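# Tertiary structure, described
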Amino acid sequence: MLALADPDLDNGPRTDRSATMRMCAVTRQVQPIDELIRFVVSPQSEVIADLKRKLPGRGLWITASRQVVAEAVRRNQFGKGFKRDLRVAPTLAADTEALLVRGVIEALAMAAKAGQVVAGFSKVEGALAQSAIHALIHASDGAADGIRKLDALVRQNAGNGDESRPFPVVTALTSEQLDLALGRSNVSRLRLYRIRRTRLRRYRLCGHARRNKIRTC
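Here is a short report on the structure shown in this document.

Right, let's talk about the sheet that holds strand 5 (residues 60-63) for a bit. Here we have three strands laid out as an open sheet, ordered 4-3-5, and antiparallel in their pairing. Each edge of the sheet is formed by a strand with only one pairing partner; in this case those strands are strand 4 (47-50) and strand 5. The average angle at which neighbouring strand axes cross in this sheet is 40°, direction not considered. As judged from the four bridges shared by strand 3 (residues 36-41) and strand 4, these two strands associate in the antiparallel manner. Pairing of Arg38 across the sheet is with Asp50, part of strand 4. On top of the sheet, helix 1 (residues 66-74) reaches strand 3 and strand 5; it is set at about 130° to strand 5, its chief contact. Along the sheet, helix 3 (residues 92-113) contacts strand 3 and strand 4; its crossing angle with strand 3, the most-contacted strand, is approximately 115°.

This is the structure in structure tokens:
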């Protein structure tokens, strides 16, 4: 009979490849791994986010939420989970978000190279009219008038006139970040044919941490 010595830690990326659920070390809730972030310890005893779940060593899983990661830092959850003294950056929650943003930029750049992205107001407007779209991306600092017009077209195509949308409308990236992803300037709105979803929006918006209670999405 085998007993799990430490439920907070996995046994490494190779042994847990088939796992689809893990427990958050902060909330103690069992969740799909796509709603969690795996953290590992580097050779320099630093805690780092393993977004691709491939880094060696045992891993500690935290709900993919900036608030919950910050709470893990505040509670010294990493030291408790790994049972050793570690170097945990006080900016770990922000550093993890920066890694997620970089992942979104890289994914968008790959989609653009594959011809799966259309940029520019008139081209996006035409794509929306044809309904050949999987997601709409607005720059978070884009012109409000253009965003409003495209969102109205989305609702018009849906035929309901309310705020519901038949596909994701993403505002996670700034115009500068969109420029970086597409290798061009003045990009504020995009149409995506196909692109993999990320945990960035969930990380930013979900999981409200309190001193004695964690509430997640």
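Right, picking up where we left off after that structure.
If you walk through the whole model with that rule in mind, you get nine salt bridges. Between Arg74 and Glu71 there is a salt bridge, and its shortest N-O distance comes to 2.8 Å. Note that Arg74 and Glu71 are positioned in helix 1 at a spacing of three residues, about one turn of the helix. The exposure class assigned to Arg74 is partly exposed, which follows from its relative accessible area of 45%. Take Glu71: its relative accessible area is 6%, and that puts it in the buried class. In this structure, Arg148 and Asp145 form a salt bridge, with 3.3 Å as the shortest nitrogen-oxygen distance. Taken as a pair, Arg148 and Asp145 lie in helix 5 (residues 144-158) at a separation of three residues, close to a single helical turn. Connected through shared salt-bridge partners, Asp10, Arg38 and Asp50 make up one network.

Parameters and conventions
- Residues numbered from 1 in each chain as written.
- Predicted model: local features only at pLDDT ≥ 70, side-chain atom pairs only at ≥ 80, totals over all residues.
- Heavy atoms only, no water.
- Pairing = 2+ DSSP bridges.
- Helix = DSSP H or I, 4+ residues; strand = E, 2+ residues; numbered from the N terminus.
- Axes fitted to C-alpha atoms, helices over the stretch in contact; angles between N-to-C directions.
- Contact = heavy atoms within 4.5 Å.
- Salt bridge = Lys/Arg side-chain N within 4 Å of Asp/Glu carboxyl O.
- Buried < 20%, exposed > 50% of the residue type's maximum accessible area, 1.4 Å probe, protein only.

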